[in-house]
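One-letter residues, chain by chain:
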Amino acid sequence: SLSSCSWAVVSALGFAVCPLLYSLDISWITMSDEQFWDIIRPPADRHPGMVDISRLHKLKHLSVAGTEISNTSLSEIPNHLISLEKLDISYCPRMTDDGIRQLLLPGNSVTQSLIALDISGCTKITDRAGDSFQHCTQLQTVKMASSPHISAKIRKKCPVVSFITQSSFQIT
């Protein structure tokens, strides 16, 4: 967990020497979209013979809760984090329905692997996001505590998904 660390510490994830990770918590740090891209895209300092792939391509769990990343960053996730199962974007104030739509476009890697999603406290996400959840073949749980624009109607759009509205659930 690098939660609450400075960007100077977290930025090391963007180098070729970064080990392959399966779980990463970079929540509650000051991070822009461009900085997030530096972490998830293939490293700029590739060595000869190194495959042009993100060092985080095997990542299963990612938490970016409370960061300033936006919809644009969500659209990059399926291109680089191809094995992602659990994603926590809770309390990211810039996330909207459009970001969820971009993340969960039909047929991309995330729609095939995502099991749990936490959108709690994302006040710009509405019931319209439920349309995108239907594309996820493995999705089991969506946490949406403190999400004032999401109603019980969302359950009808995806009856096989468990929607959790209490804040006691934690994606681990």
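Since we're looking at a predicted model, the values are computed, not measured.

**Quick word on the overall build of the chain**
Inference 1: A tally of helices and strands in the chain yields seven helices and six strands.
Inference 2: When the elements of the chain are put in sequence order from the N terminus, they spell out α-β-α-β-α-β-α-α-β-α-β-α-β.
Inference 3: By its C-alpha atoms, the chain is 50 × 30 × 25 Å across when sized along the principal axes.
Inference 4: Counting over 172 residues, the chain shows a buried share of 49%.
Inference 5: Considering only contacts in the chain between residues 6 or more positions apart, those separated by 24 or more positions represent 72%.
Inference 6: Element-wise, carbon and sulfur atoms account for 53% of the exposed surface of the chain, whose accessible area totals about 8,100 Å².
Inference 7: Charge-centre separation for the chain: the mean point of 15 positive side chains lies 7 Å from the mean point of 15 negative side chains.

**Quick look at the sheet that holds strand 2 (residues 61–63)**
Inference 1: Strands sit in the order 1-2-3-4-5-6 across an open sheet of six strands; the sheet is parallel. A strand with exactly one partner marks an edge of an open sheet, and here the two such strands are strand 1 (23–25) and strand 6 (162–164). Ignoring strand direction, the axes of neighbouring strands in this sheet form an average angle of 5 degrees.
Inference 2: As paired elements, strand 1 and strand 2 share three bridges and run parallel to each other. Its bridge partner lying in strand 2, L24 is registered against L62.

**As for the pattern of salt bridges**
Where charged atoms of side chains with opposite charge meet at close range, the side chains can pair.
Inference 1: Scanning all chains against the criterion turns up five salt bridges.
Inference 2: Residue K60 is joined to E85 by a salt bridge in which the shortest nitrogen-to-oxygen separation is 3.8 Å. One end of the pair, K60, is in the loop between helix 2 (33–40) and strand 2; the other, E85, is in the loop between helix 3 (71–80) and strand 3 (86–88), and 25 residues separate them in sequence.
Inference 3: A salt bridge links K143 to D118; the nearest nitrogen and oxygen atoms lie 3.9 Å apart.

**Things to note about the nonpolar core**
Inference 1: In this structure, I26, L62, I119 and F133 are the most contacted members of the largest nonpolar core, which totals 45 residues.
Inference 2: Among the elements that make up this core, the one with the highest residue count is helix 2 (four residues).

**Quick look at helix 3**
Inference 1: Of all 10 residues that make up helix 3, seven are buried, and the element is covered over most of its length.
Inference 2: Looking only at helix 3, the buried set comprises N71, S73, L74, E76, I77, P78 and H80.
Inference 3: The elements touched by buried residues of helix 3 are helix 2, strand 2, strand 3, helix 4 (97–103) and helix 5 (109–113).

**As for helix 2**
Inference 1: All buried positions along helix 2 are accounted for by D33, F36, W37, I39 and I40. When helix 2 is viewed along its axis, its buried side chains cluster within an angular range of 160 degrees and face the same direction.
Inference 2: Of the surrounding secondary structure, the elements contacted by the buried residues of helix 2 are helix 1 (7–10), strand 2 and helix 3.

**A word on the state of the cysteines**
Inference 1: Taken as a whole and assessed by the stated rule, the structure comprises zero disulfides.
Inference 2: In this model C92 remains outside any disulfide bridge; the closest cysteine sulfur is found in C122, 5.6 Å from its own.
Inference 3: The class of C92 is buried, set by a relative accessible area of 0%.

**What to know about unusual backbone geometry**
Inference 1: Not every positive phi belongs to a glycine, and W28 is a case in point at roughly 60 degrees.
Inference 2: In this fold, W28 is placed in the loop between strand 1 and helix 2.
Inference 3: The backbone of Y91 shows a phi angle near 60 degrees, a positive value even though the residue is not glycine.
Inference 4: The residue Y91 is located in the loop between strand 3 and helix 4 in this model.
Inference 5: Residue classification places Y91 among the partly exposed residues on the basis of a relative accessible area of 36%.

Thresholds applied
- Residues numbered from 1 in each chain as written.
- Predicted model: local features only at pLDDT ≥ 70, side-chain atom pairs only at ≥ 80, totals over all residues.
- Heavy atoms only, no water.
- Helix = DSSP H or I, 4+ residues; strand = E, 2+ residues; numbered from the N terminus.
- Buried < 20%, exposed > 50% of the residue type's maximum accessible area, 1.4 Å probe, protein only.
- Contact = heavy atoms within 4.5 Å.
- Areas by Shrake-Rupley, 256 points an atom, 1.4 Å probe, with all protein chains shown as cover.
- Lys, Arg positive; Asp, Glu negative; His and termini not counted.
- Charge placed at Lys NZ, Arg CZ, Asp CG, Glu CD.
- Pairing = 2+ DSSP bridges.
- Axes fitted to C-alpha atoms, helices over the stretch in contact; angles between N-to-C directions.
- Salt bridge = Lys/Arg side-chain N within 4 Å of Asp/Glu carboxyl O.
- Core = buried A, V, L, I, M, F, W, Y, C linked by side-chain atoms within 4.5 Å.
- Arc of directions from axis to C-beta.
- Disulfide = S-S within 2.5 Å.

Note that every value here comes from positions in space, so none of it alone points to a role or purpose.
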